[in-house]
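# Structure assessment
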Amino acid sequence: ARYLASLHVVLGHLNARGALTHSVYMDTWGYTWVPWFFMLSGFILCAAELKNPRQEGSVEYVARRLVTIYPVYAFGLVVAALLTSQGPPPWVLVLQAWLLQAWVPVI
């Protein structure tokens, strides 16, 4: 289910960029898959934690998650920057590399 939700999120982004032909479904329901994906991901993380609890604080938990997630994120960011013909300005890439892109609403 999480795969299908993430696939719909990707299709929604492609549709928003004009990479797909006009779709009534994507225009009216595509946005609903983002909350579904986050809800399902949170459920999976919670279920995994309850199944195998760890004695760690918040800082250790965040550090463990970043070590798991950030390398894949950084790799995807580099690949996306190399594949785009009109890459974003360097300051946008710096914000994205530090996970701060949401702090600047114009990006």
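Per chain, the residues get numbers from 1 upward, laid out in the order the sequence is written. Given that this is a predicted model, residues contribute local features only at a pLDDT of at least 70 and side-chain atom pairs are listed and counted only at 80 or more, while totals for whole chains, interfaces and linings are drawn from all residues. Note: side-chain values were computed over all heavy atoms of the structure, leaving out hydrogens and water.

## Considerations on the pattern of salt bridges
Rules: A pairing counts as a salt bridge when a side-chain nitrogen of Lys or Arg comes within 4 Å of a carboxyl oxygen of Asp or Glu. The numbering of helices and of strands both runs from the N terminus, where a helix is a DSSP run of H or I of at least 4 residues and a strand a run of E of at least 2. Burial classes follow relative accessibility: with a 1.4 Å probe on protein chains only, a residue under 20% of its type's maximum area counts as buried, one over 50% as exposed, and anything between as partly exposed.
In this structure the tally under the stated criterion is 2 salt bridges. Arg 64 is paired through a salt bridge with Glu 49; the nearest N and O atoms lie 3.8 Å apart. Here Arg 64, found in helix H4 (residues 58–83), pairs with Glu 49, found in helix H3 (residues 33–51); they are 15 residues apart in sequence, far enough to count as distant. The exposure class assigned to Glu 49 is partly exposed, which follows from its relative accessible area of 26%. Across the pair Arg 64 and Glu 56 runs a salt bridge, and its minimum N-O distance is 2.6 Å. Shared partners join several salt bridges into a network, and the residues in it are Glu 49, Glu 56 and Arg 64.

## What to know about the packing of H4 against helix H5 (residues 90–97)
Under the convention used in this document: Axis lines are fitted through C-alpha atoms, for helices just across the contact stretch, and the angle between N-to-C directions can take any value from 0 to 180 degrees. Roughly parallel means an angle under 35 degrees; roughly antiparallel, over 145; roughly perpendicular, 65 to 115; everything else is oblique. By definition, turning the near helix anticlockwise from the far helix through less than a right angle yields a left-handed crossing, and turning it clockwise yields a right-handed one. Note on contacts: a residue pair is in contact if any heavy atoms of the two residues lie within 4.5 Å.
Two numbers describe how H4 lies on H5: the axes approach to 10 Å, and their chain directions differ by 165°. In terms of their interaxial angle, H4 and H5 are classed as roughly antiparallel. Our pair here, H4 against H5, has a crossing hand that is right-handed. On H5, the residues that touch Tyr 70, Tyr 73, Leu 77 and Ala 81 of H4 are Leu 93, Gln 96 and Ala 97.

## Some details on the packing of aromatic side chains
Spelled out, the test is: Ring geometry is summarised as follows: Phe, Tyr and Trp rings, the Trp one being its six-membered ring, pair when their centres sit within 6.5 Å, and such pairs are stacked at plane angles under 30 degrees, edge-to-face over 60 and tilted between the two.
Scanning the entire structure with this criterion turns up 2 aromatic pairs. Relative to Tyr 73, the ring of Tyr 70 has its centre 5.8 Å away and its plane inclined at 45°; by these criteria the two rings are tilted. In this pair, Tyr 70 and Tyr 73 both sit in helix H4, 3 residues apart, roughly one turn of the helix. Residue classification places Tyr 73 among the partly exposed residues on the basis of a relative accessible area of 26%.

## Considerations on the environment of Leu 45
Summarising the element assignment, Leu 45 is placed in helix H3. Judged by relative accessible area, which is 35%, Leu 45 ranks as partly exposed. Separated by 13 residues in the primary sequence, Leu 45 and Ser 58 have C-alpha atoms spaced 14 Å apart. If near-sequence neighbours (up to four positions away) are discounted, Leu 45 is found in contact with Tyr 61 and Arg 65.

## Quick word on a nonpolar patch on the surface
Here is the rule we go by: Residues enter patches when they are more than 30% accessible in relative terms and free of salt bridges; like-charged ones are connected within 9 Å and nonpolar ones (Val, Leu, Ile, Met, Phe, Trp, Tyr) within 5 Å. Surface exposure here means Shrake-Rupley accessible area, sampled with a 1.4 Å probe, where a residue is shielded only by the protein chains that are shown.
Residues Leu 45, Tyr 61, Val 62, Leu 66 and Leu 99 make up a contiguous nonpolar surface patch of roughly 390 Å² in combined accessible area. In terms of residues, the nonpolar patch owes the most to one element, H4, which gives 3 residues. Looking at the secondary structure, you find Leu 66 in helix H4. We classify Leu 66 as partly exposed; its relative accessible area is 41%.

Any functional reading would require information that these geometric values do not contain.
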